[in-house]
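Fold and contact review
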Amino acid sequence: MRKNIIAGNWKMNTTLSEGLALAKGLDEALKGKTLKCDVVIGTPFTHLASVAAAIDTKRIGVAAQNCADKDKGAYTGEVSAAMVASTGAEYVILGHSERRQYYHETSVTLEAKVNLALANGLTPIFCIGEVLAEREAGKHFEVVDEQVRTALFDLSPEDFSKIVIAYEPVWAIGTGKTATADQAQEIHAHIRKTLAAKYGDVIANDTTILYGGSMNAENAKDLVAKPDVDGGLIGGASLSVEKFLPIIEAF
Ligand code: PGA
């Protein structure tokens, strides 16, 4: 069964005490509510263990925003998938466009990260999406196909079925410009078709495909009402309970 997920991506925001307060506030706000989606928060590495210990991780899953493309060893400053898993985090956001753009992550490194995440029992939230020039040139379908194919299509069907996809058009991230619900549905349906061609209808239908890019309390309802939009990956609006909660309740 396909899962609905609303995931927050805090990016490089909040000190440890601010992050703990945000996580506890959300945990408190969700207590006793029956939700139609799973909730995940993607915190900085430094917060993972404290956040996971401070909240009910059955209610809110914890995600890292990245992990290393190497298992362990002399890679100063890197954080491995095993380290992430040892904090109590269950998810890892991989291939975010900011990582691709500013830290030059390629399909080769991303494939290694996905493999290590899976080997350590983490659920990858794998981000794909086109830049504005690609959308304007009508190349967005090709771009997402290539991103999925090069980093994920060597996975076994069993491993692939553990992946969550997040479609995030780069032109919509942090810009206040959202893809319309119809634009999101169109490309999500396309992505699902690409997955079906490789892994078959059953796995494709069970794959959670999130939308990301300026999702907020106002546009969330229309987006998640679309049949192929299974939730969202939310940046800015995940940084306050007040803004994040209505998105969670949009289902
Ligand atoms: P945004 O970020 O909601 O602030 O646009 C989304 C993301 O980058 O995951």
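As a reminder, the structure under discussion sits directly above these lines.
So, a few notes on the structure that sits alongside this text. (Residues numbered from 1 in each chain as written. Predicted model: local features only at pLDDT ≥ 70, side-chain atom pairs only at ≥ 80, totals over all residues. Heavy atoms only, no water.)

**Looking at the overall build of the protein chain**
Heads up, the condition is: Only DSSP runs of H or I reaching four residues or more are called helices, and only runs of E reaching two or more are called strands; each is numbered from the N terminus. Our radius of gyration is a C-alpha quantity, and the globule rule it is checked against amounts to 2.2 Å times the number of residues to the power 0.38. Each residue is placed in one exposure class: buried if its accessible area under a 1.4 Å probe, protein chains only, is under 20% of its type's maximum, exposed if it is over 50%, and partly exposed if it falls in between. Pairs of residues are marked as contacts when any of their non-hydrogen atoms sit within 4.5 Å. For accessible areas, the Shrake-Rupley method is used with a probe of radius 1.4 Å. Any residue's cover is judged against the shown protein chains and nothing else. Positive: Lys, Arg. Negative: Asp, Glu. His and the chain ends are not part of the count. Where a charge lies is defined by one atom per residue type, namely NZ (Lys), CZ (Arg), CG (Asp) and CD (Glu).
Broken down by element type, the protein chain carries 12 helices and eight strands. In terms of C-alpha radius of gyration, the protein chain reaches 17 Å, essentially the compact-globule figure of 18 Å for 251 residues. Principal-axis analysis of the C-alpha atoms gives the protein chain an extent of 45 × 45 × 35 Å. Residues counted as buried form 49% of the 251 residues belonging to the protein chain. Contacts spanning at least 24 positions in sequence make up 72% of the contacts within the protein chain whose residues lie at least 6 apart. Of the accessible surface of the protein chain, which amounts to about 11300 Å², a share of 52% is contributed by carbon and sulfur atoms. Averaging the positions of the 25 positive and the 32 negative side-chain charges in the protein chain gives two centres separated by 2 Å.

**Digging into the side chain of R135**
Stated formally: Definition of a polar contact: a pair of N or O atoms within 3.5 Å, with one able to donate and the other able to accept a hydrogen when the atoms are protein atoms, and with sequence-neighbouring residues admitted only if both atoms are side-chain atoms.
Structurally, the position occupied by R135 is in helix α6 (residues 132-136). Exposure remark for R135: the relative accessible area of 13% places this residue in the buried category. Polar contacts involving the side chain of R135 include one to the side chain of Y167, which spans 3.0 Å. Sequence-distant contacts of R135, defined by excluding residues within four places in its chain, comprise E130, H140, Y167, W171, Q183 and I187.

**Looking at the pattern of salt bridges**
Spelled out, the test is: Salt bridges, as used here, are contacts in which a Lys or Arg side-chain nitrogen is within 4 Å of a carboxyl oxygen on Asp or Glu.
Per the counting criterion, the structure on display carries 15 salt bridges. E105 is paired through a salt bridge with R99; the nearest N and O atoms lie 2.9 Å apart. Notably, a salt bridge pairs E130 with R135, separated by 2.9 Å at the nearest N-O pair. A network of salt bridges, in which partner residues are shared, links R2, R192, D228 and D230.

**Some details on unusual backbone geometry**
If you check the backbone angles, K11 has positive phi at about 55 degrees while not being a glycine. Summarising the element assignment, K11 is placed in the loop between β1 (5-9) and α1 (16-30). The residue T14 is not glycine, and still its phi comes out positive at about 80 degrees. In this fold, T14 is placed in the loop between β1 and α1.

**What to know about the site of the ligand**
Put simply, the rule is: Being near a molecule or strand, for a residue, means having at least one of its heavy atoms within 4 Å of it. Throughout, the ten residues Ala, Val, Leu, Ile, Met, Phe, Trp, Tyr, Cys and Pro are labelled nonpolar, Asp, Glu, Lys and Arg are labelled charged, and all others, Gly among them, are labelled polar.
Inspection of the region around the ligand gives 13 residues, with K11, H96, E168, G174 and S214 positioned closest. Within the backbone of G174, a nitrogen or oxygen atom sits 2.7 Å from an oxygen atom of the ligand. Between the ligand and the protein, one listed contact pairs an oxygen atom with a backbone N or O atom of G236 at 2.9 Å. Compared with its free state, where it exposes 280 Å², the ligand has 95% of that area covered by protein. Of the residues contributing to the shell around the ligand, the split by class is four nonpolar, seven polar and two charged.

**Here's the deal with the side chain of N219**
Note on placement: N219 falls in the loop between β7 (209-212) and α11 (220-224). Side-chain polar atoms of N219 contact the backbone oxygen of S214, separated by 3.0 Å. Among the polar contacts listed, one links the side chain of N219 to the backbone nitrogen of N216, at a separation of 2.8 Å. Beyond its immediate stretch of four places on either side in the chain, N219 contacts T178 and S214.

**Topic: the packing of aromatic side chains**
Here is the rule: Geometry of aromatic contacts follows a simple scheme: Phe, Tyr and Trp rings, the Trp one being its six-membered ring, pair when their centres are within 6.5 Å, and the pair is stacked under 30 degrees between planes, edge-to-face over 60, tilted otherwise.
Taken as a whole and judged by the stated rule, the model has four aromatic pairs. With centroids separated by 5.5 Å and ring planes inclined at 85 degrees, the aromatic side chains of F153 and Y199 adopt a geometry described as edge-to-face. Taken together, the positions of F153 in the loop between α7 (140-152) and α8 (157-160) and Y199 in helix α9 (residues 181-199) put the pair 46 residues apart, joining distant regions of the chain. Taking relative accessible area as the criterion, F153 reaches 12% and is therefore assigned buried. Judged by relative accessible area, which is 11%, Y199 ranks as buried. Aromatic pair Y167 and Y211: ring centres 6.4 Å apart, planes at 50 degrees, arrangement tilted.

Everything listed here is a matter of coordinates, which is why it stays silent on function.
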